[in-house]
Every structure is written in structure tokens, then in C-alpha cells.
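Fold and geometry: a report
Residue strings, one per chain:
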Amino acid sequence: MANRFTAYAATTGPGDLYLSNGGTDVFFDVLTLAGCHIAETPWQQNLVLLFADGHRYGRGFSGFDLSEIPWTADWPAEKSFLLRVLDVALTGHGWHRLRYDPSHIAGQLARYREMVAAFPPVPVEVSQWGDWRSAPAPALLTRCPEHDLYEGEAGCRLCDPSIQPNT
Ligand SMILES: [Zn+2]
């Protein structure tokens, strides 16, 4: 099983990103570590919750297209934030909190950053993921005392033994 991350609206760019199920867990781990560190606005918090809860239920079906993100008229700032999350992740932010070495994800992170950079967002009227201008429920933003990550719907992903190595 694999998860496919796409950018269909981009006319140029490196194409799609395919990640194995294990690779997808790592991808969302490092994006959550970076995103929880810098998210401030409701839209930013909602994006980071997508990563925090990512690949927790739909194993092998958790890829998405960049056009599915609920971009608003403020999309230039929103795209900048997503690029910043990727940049912070690429610095290895918070990786010491992981029980495994995620460094093999760096190439895929860099490739995804290229995809995002080449992607032209269009504001989305109605999204399957709701209106990200509304603040998330406070309970979703509660932070795990051990890992400082959002609990989200599914609980802290670094505390979830089903997606973390046992060692
Ligand atoms: Zn935790």
C-alpha cells in the first residue's frame, strides 16, 4: 500500500509523491513536529491538525491533492506557511523526540516542497475539510505533555504505538 500526494493544478514541477505506509507515517510525524512549533492562526492550526491526524484511520488512503486544501483569498500567506512548515521540517526540528531516525524522509520533503512551490492555489468555496478560517475546537489543540504535539482527533501521534516503532 502507498499514499499518493499530488499537485494536479501545477503546470510544471516534479510530479507526484508516492510514499509507502511507513514513509507516510514519517512524513506526517515530521510535518506535525514542525507545524505545532509555528502554527498561530486558525487556518494554520487546521492545516497542522491535518498532519497530526494524518494516516491514522485511512491506512494507504491518506494521500491528497494540494487543490483539496481549503485555500482562501489569503492563499499567498497560506502557501507561505506550508512552505515554512516544510522548511522547518527540513531543519530536523523536533526529530530528537522521535524514537527512530527519520532522516531518510529528507529527500521526499524536499521534493514535496518543490511541488508546493510550483502549485498555484485557487480559493476553495466548500471543502470536505470544512472552513479553516474557523478556529479548531480547543480540545484538538491540547498538547501532549510528553511530545508537545496537538492531540487532534486521534491523540498525539508520537504516543500511538500503532504508528511508532517499539524500540
Ligand atoms: Zn505524545
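Structure report, in brief. (Residues numbered from 1 in each chain as written. Predicted model: local features only at pLDDT ≥ 70, side-chain atom pairs only at ≥ 80, totals over all residues. Heavy atoms only, no water.)

**Things to note about the coordination of the zinc ion**
Around the zinc ion, the donor atoms from the protein are Cys 144 (SG), His 147 (ND1), Cys 156 (SG) and Cys 159 (SG), and they sit 2.1 to 2.3 Å away. Geometry at the zinc ion is tetrahedral, judged from the four donor atoms that bind it and their angles of 103 to 116° at the metal. Coordination of the zinc ion draws on donor residues from a single chain, spaced C-x2-H-x8-C-x2-C in sequence. Placement of Cys 144 in the segment after helix H4 (106–118) and of Cys 156 in the segment after H4 is noted, with a sequence separation of twelve residues between them. Each member of the pair, Cys 144 as well as Cys 156, is classed as buried. (Donors = N, O, S within 2.8 Å, 3.2 Å for Na, K, Ca; no water. Tetrahedral: all angles 85-135°; square planar, octahedral: opposite > 155°, others 65-115°. Helix = DSSP H or I, 4+ residues; strand = E, 2+ residues; numbered from the N terminus. Buried < 20%, exposed > 50% of the residue type's maximum accessible area, 1.4 Å probe, protein only.)

**Some thoughts on the packing of aromatic side chains**
Taken as a whole and judged by the stated rule, the model has twelve aromatic pairs. Seen from their ring centres, Phe 5 and Phe 27 are 5.2 Å apart, and the 55° between their planes marks the pair as tilted. Of the two residues, Phe 5 sits in strand S1 (residues 2–5) while Phe 27 sits in helix H1 (residues 21–38), which places them 22 residues apart along the sequence. On the basis of relative accessible area, Phe 5 is assigned to the buried category, the value being 0%. Of the residues examined, Phe 27 reaches a relative accessible area of 1% and is grouped as buried. Ring centres of Trp 43 and Trp 132 lie 5.3 Å apart, and the angle between their planes is 70°; this geometry places the pair in the edge-to-face category. Here the residue Trp 43 occupies a position in helix H2 (residues 42–52), and Trp 132 occupies one in the segment after H4, the gap between them amounting to 89 residues. A residue is classified by how much of its surface remains accessible, and Trp 43, at 6% relative accessible area, is buried. Three or more aromatic residues joined by ring pairs form one cluster here, namely Phe 5, Phe 27, Phe 28, Trp 43, Phe 51, Phe 64, Trp 71, Tyr 112, Phe 119, Trp 129 and Trp 132. (Phe/Tyr/Trp six-rings, centres within 6.5 Å; stacked < 30°, edge-to-face > 60°.)

**Topic: the nonpolar core**
Core analysis: the largest hydrophobic core is formed by 50 residues, its most contacted members being Phe 27, Leu 47, Ile 69, Leu 82, Leu 109 and Tyr 112. Mapped onto this core, the elements with two or more residues apiece are strand S2 (17–20), H1, H2, helix H3 (75–90) and H4. Of all the elements, H1 adds the most residues to this core, at nine residues. (Core = buried A, V, L, I, M, F, W, Y, C linked by side-chain atoms within 4.5 Å.)

**Section: the pattern of salt bridges**
A full pass over the atoms with the stated rule returns seven salt bridges. A salt bridge links Asp 16 to Arg 4, with the shortest nitrogen-to-oxygen separation between them at 2.5 Å. Of this pair, Asp 16 sits in the loop between S1 and S2 while Arg 4 is found in strand S1, placing the two residues twelve residues apart along the sequence. With relative accessibility at 21%, the residue Asp 16 sits in the partly exposed group. (Salt bridge = Lys/Arg side-chain N within 4 Å of Asp/Glu carboxyl O.)

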